[in-house]
Amino acid sequence: MTEQNTNEGWEPKIVAFVCNWCTYAGADLAGISRIQYPPTVRIIRLPCSGRVNPFYIVKALQEGADGVLVSGCHPGECHYITGNLSARRKFAMLKSFLSYIGFEADRTIFTWVSASEGEKFANVIKGVTEKVRALGPAEKMVKTIGEPAQA
Amino acid sequence: MENIEKQLREEAGKLLSEKKVDVLIGYGKGTLPYQAVPTIITEPGEAEQLVWNPFCTVNLAKYVHDVIFQHRESQKRVKPEDRTKKIVGVVARGCTTRSIIIHLQERQYERDEVVIIGVPCSGYVSKKKLWDALEGREPLECAVEGDTVKVKTQEGSRSVALKDVLSDSCFTCRYNNPIIFDVMVGDPAPPMNPEAEYEIVDAFESLPDDERWAYFTKEMSKCIRCYACRNTCPSCYCKICFVEQSGPKWVGVTIDESDTQVFQIMRIFHQAGRCVDCGSCVEVCPMGVDLRRFLKKLDKDGYNLFGHRAGESLDSPPPLSERSMNDKEDFIFEP
């Protein structure tokens, strides 16, 4: 395997789907508080963690993300009252299903970060980066053939 | 079995002649001896076409949805005051009624638009298993007598035990008798063996990650994306399925194996809390993909996490359309 060679200097790519009201504000707080965290994460802001279609996660993995993080408001604190509770049910089943078919459990991570938890956001990113780094680059279900150009 | 068939024809004829239903969906004799086909009748005289035997395979709830929706489509060109409802009668076994319950819960049609003729079910014959049991010899005539299937092939007659060729879904079926019905024909069938329901999942869960992934990719590499599983699935009723959407294009069109895997993962995941394990997708798959192993996992999770079984009663809504503060969240990452 050439994995050892290619892993050198490799940094994980993590796609984070975060909710607008809590985690995104938490990330903002981490930023303005100048808390350092690894630059491995690509943040995608959504209205609510309930807006995360399980398809986004599967698609991100197919497009080569080494890890996917979904983060929203703590249960009971959703801006839309119950968005994160619906989300929690979806994620519980999706995570279990992806593990069942053989994905490493640590590639899909779910967490709650509120707007006041800048410190926690940094720790989450550190934690997720460490977990994904330990797994190495994603190999399962990564698409290698490009789509034909659209006419 | 003949008795049930006779009663079924009587009931169907009665419903049609009393105009209680406009159209009746049942099983009719197929062109292949080991396969009954969905049959749609509108005249009382056609009730003689109906059959009921262990070769009645696919879940008819799909056709109920199709007929009602095609009728609704045809009514769009009619003046609002002249629009009609179409009452659909259906011959339903346990899994079919579960699918109808899911449709009703998801507000696809009203309860008064469907008249359910319940039939007891003791399982259906899987055509793949039958071919395997005959070692590839083509069955020319098939008949079920008690516990055996009498098959005539070119090389002579053979008997196959019914339990050797029943579909996998049927052995561990929990609801082989209709859950909701308007008319019931025959006596309730004896229970199957639901205790062993999740054995297939438990065995698979105990394997290491890489072996499970290897099995998943091996199975999915057989898939030719003909979408027969989607077309036969009563829970797959979207007007525009995600596989046909082009903006965003969810499922790629290349020969990359990941495209097929993404399709399968998402189709299976869309059945979370909605799969009734009728086995139709497995039965129609031309490539013999082991779909049940993966669908059953969602069923197991739905039960273990949320105490819910798909379509078990009209009052228990699908788990993903419900929410609760008290759900387990041991999977949430805390740094």
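This is a predicted model, so every value here is computed, not measured.

Here we take up the overall build of chain B. For chain B, the count of helices and strands is twelve helices and eight strands. The C-alpha atoms of chain B give a radius of gyration of 21 Å, which matches the 20 Å a tight globule of 335 residues would have. For chain B, the spread of C-alpha atoms along the principal axes amounts to about 70 × 65 × 40 Å. Per-residue burial over chain B gives 54% buried out of 335 residues. Restricting to contacts in chain B with at least 6 residues of sequence separation, those with at least 24 account for 71%. Surface exposure of chain B reaches about 15,600 Å², of which carbon and sulfur atoms provide 50%.

Opposite the 49 residues of chain A that make contact, chain B presents 51 residues. The junction of chain A with chain B conceals about 4,400 Å² of combined surface from both sides, 69% of it contributed by carbon and sulfur atoms. When the area that chain A buries against chain B is broken down by residue, the three leading residues are Arg-89, Met-93 and Tyr-100 of chain A, summing to 22%. Summed over the shared surface of chain A and chain B, the number is six salt bridges. On the surface where chain A and chain B come into contact, there are 25 residue pairs in polar contact (both at pLDDT 80 or more). Only α3 (54-62), α4 (83-100), β4 (108-112) and α5 (118-135) of chain A provide two or more residues apiece to the side of chain A that touches chain B. For the side of chain A that touches chain B, the leading source of residues is α4 of chain A, giving 15 residues. In terms of residue class, the side of chain A that touches chain B is built from 24 nonpolar, 14 polar and eleven charged.

Simply put, the disulfide is a covalent bond whose two ends are the sulfur atoms of two cysteines. Residue and element names in this part refer to chain A. On inspection of all chains with the given rule, the structure shows one disulfide over all chains. Note on cysteine connectivity: Cys-22 is disulfide-linked to Cys-73, with sulfurs 2.3 Å apart. In this structure, the disulfide formed by Cys-22 and Cys-73 twists by about 100° around the S-S bond and is classed as right-handed. Of this pair, Cys-22 sits in the loop between β1 (14-19) and α2 (23-32) while Cys-73 sits in the loop between β3 (67-72) and α4, placing them 51 residues apart in sequence. Among the residues examined, Cys-73 registers a relative accessible area of 2% and is labelled buried.

Put simply, α4 of chain A and helix α10 (residues 257-269) of chain B touch, their axes get as near as 11 Å, and they point 135° apart. Classified by the angle their axes make, α4 of chain A and α10 of chain B are oblique. When the axes of α4 of chain A and α10 of chain B are compared, the crossing they make is right-handed. Residues Lys-90, Met-93, Leu-94, Phe-97 and Leu-98 of chain A of α4 of chain A form the contact with α10 of chain B, whose participating residues are Ile-265, Ile-268 and Phe-269 of chain B. Here the residues of the contact of α4 of chain A with α10 of chain B sort into seven nonpolar, no polar and one charged.

Residues and elements named next belong to chain B. For chain B, the domain assignment lists domain 1 (1-123 + 179-191), domain 2 (125-166) and domain 3 (194-321). The distance between the C-alpha centroids of domain 1 and domain 3 comes to 25 Å. The interface is formed by 20 residues belonging to domain 1 together with 26 residues belonging to domain 3. Of the roughly 1,800 Å² buried where domain 1 meets domain 3, counting both sides, 57% is carbon and sulfur surface.

All names here are of chain A. What the four strands build is an open sheet, ordered β2-β1-β3-β4; its pairing is parallel. This sheet does not close on itself; its edge strands, each paired only once, are β2 (41-46) and β4. When the angles between neighbouring strand axes are averaged without regard to direction, this sheet yields 20°. Of the strand pairs in this sheet, β3 and β4 are connected by five bridges, and their pairing is parallel. Each bridged residue has a counterpart across the sheet, and for Ser-71 the counterpart in β4 is Thr-111. Lying over the sheet, α3 contacts β1, β2, β3 and β4, oriented at roughly 155° with respect to β3. Against the sheet, α5 contacts β1, β2, β3 and β4, and its axis sits at roughly 165° relative to β4.

A few words on the pattern of salt bridges. All names here are of chain B. Counted according to the given criterion, the structure contains 43 salt bridges over all chains. The salt bridge partner of Lys-300 is Glu-205, with a shortest N-O separation of 2.9 Å. Here Glu-205 lies in helix α7 (residues 199-205) and Lys-300 lies in helix α12 (residues 292-306), a separation of 95 residues in the sequence. Salt bridges linked by common partners bring Arg-174, Glu-197, Asp-277, Arg-292, Lys-296 and Asp-299 together as one network.

Okay, the environment of Val-132 of chain A next. All names here are of chain A. Here Val-132 lies in helix α5. On the basis of relative accessible area, Val-132 is assigned to the buried category, the value being 0%. Through-space distance from the C-alpha of Val-132 to that of Ala-92 is 19 Å; in sequence the pair is 40 residues apart. When near neighbours in sequence (up to four residues on either side) are disregarded, Val-132 contacts Trp-10, Pro-12, Ile-14, Asp-66, Gly-67, Asp-106 and Arg-107.

Turning to the packing of aromatic side chains, a few remarks are in order. Residue and element names in this part refer to chain B. Throughout the structure, instances matching the rule amount to 21 aromatic pairs over all chains. Consider the rings of Phe-242 and Phe-263, whose centres lie 6.3 Å apart with planes at 40°: the pair is tilted. In this pair, Phe-242 sits in the loop between α9 (228-232) and α10 while Phe-263 sits in helix α10, placing the two residues 21 residues apart along the sequence. With respect to burial, Phe-242 and Phe-263 carry one shared label: buried.

Each value, and the rule that gives it
Residues numbered from 1 in each chain as written. Chains lettered and ligands numbered in written order. Predicted model: local features only at pLDDT ≥ 70, side-chain atom pairs only at ≥ 80, totals over all residues. Heavy atoms only, no water. Helix = DSSP H or I, 4+ residues; strand = E, 2+ residues; numbered from the N terminus. Rg over C-alpha atoms; globule rule 2.2 N^0.38 Å. Buried < 20%, exposed > 50% of the residue type's maximum accessible area, 1.4 Å probe, protein only. Contact = heavy atoms within 4.5 Å. Areas by Shrake-Rupley, 256 points an atom, 1.4 Å probe, with all protein chains shown as cover. Buried area = accessible area lost by both parts, 1.4 Å probe. Salt bridge = Lys/Arg side-chain N within 4 Å of Asp/Glu carboxyl O. Polar contact = N/O pair within 3.5 Å; in protein donor to acceptor, adjacent residues only side chain to side chain. Nonpolar A, V, L, I, M, F, W, Y, C, P; charged D, E, K, R; others polar. Disulfide = S-S within 2.5 Å. Axes fitted to C-alpha atoms, helices over the stretch in contact; angles between N-to-C directions. Parallel < 35°, antiparallel > 145°, perpendicular 65-115°, else oblique. Left-handed = near helix turned anticlockwise from the far one by under 90°. Domains from an automatic or database assignment. Pairing = 2+ DSSP bridges. Phe/Tyr/Trp six-rings, centres within 6.5 Å; stacked < 30°, edge-to-face > 60°.

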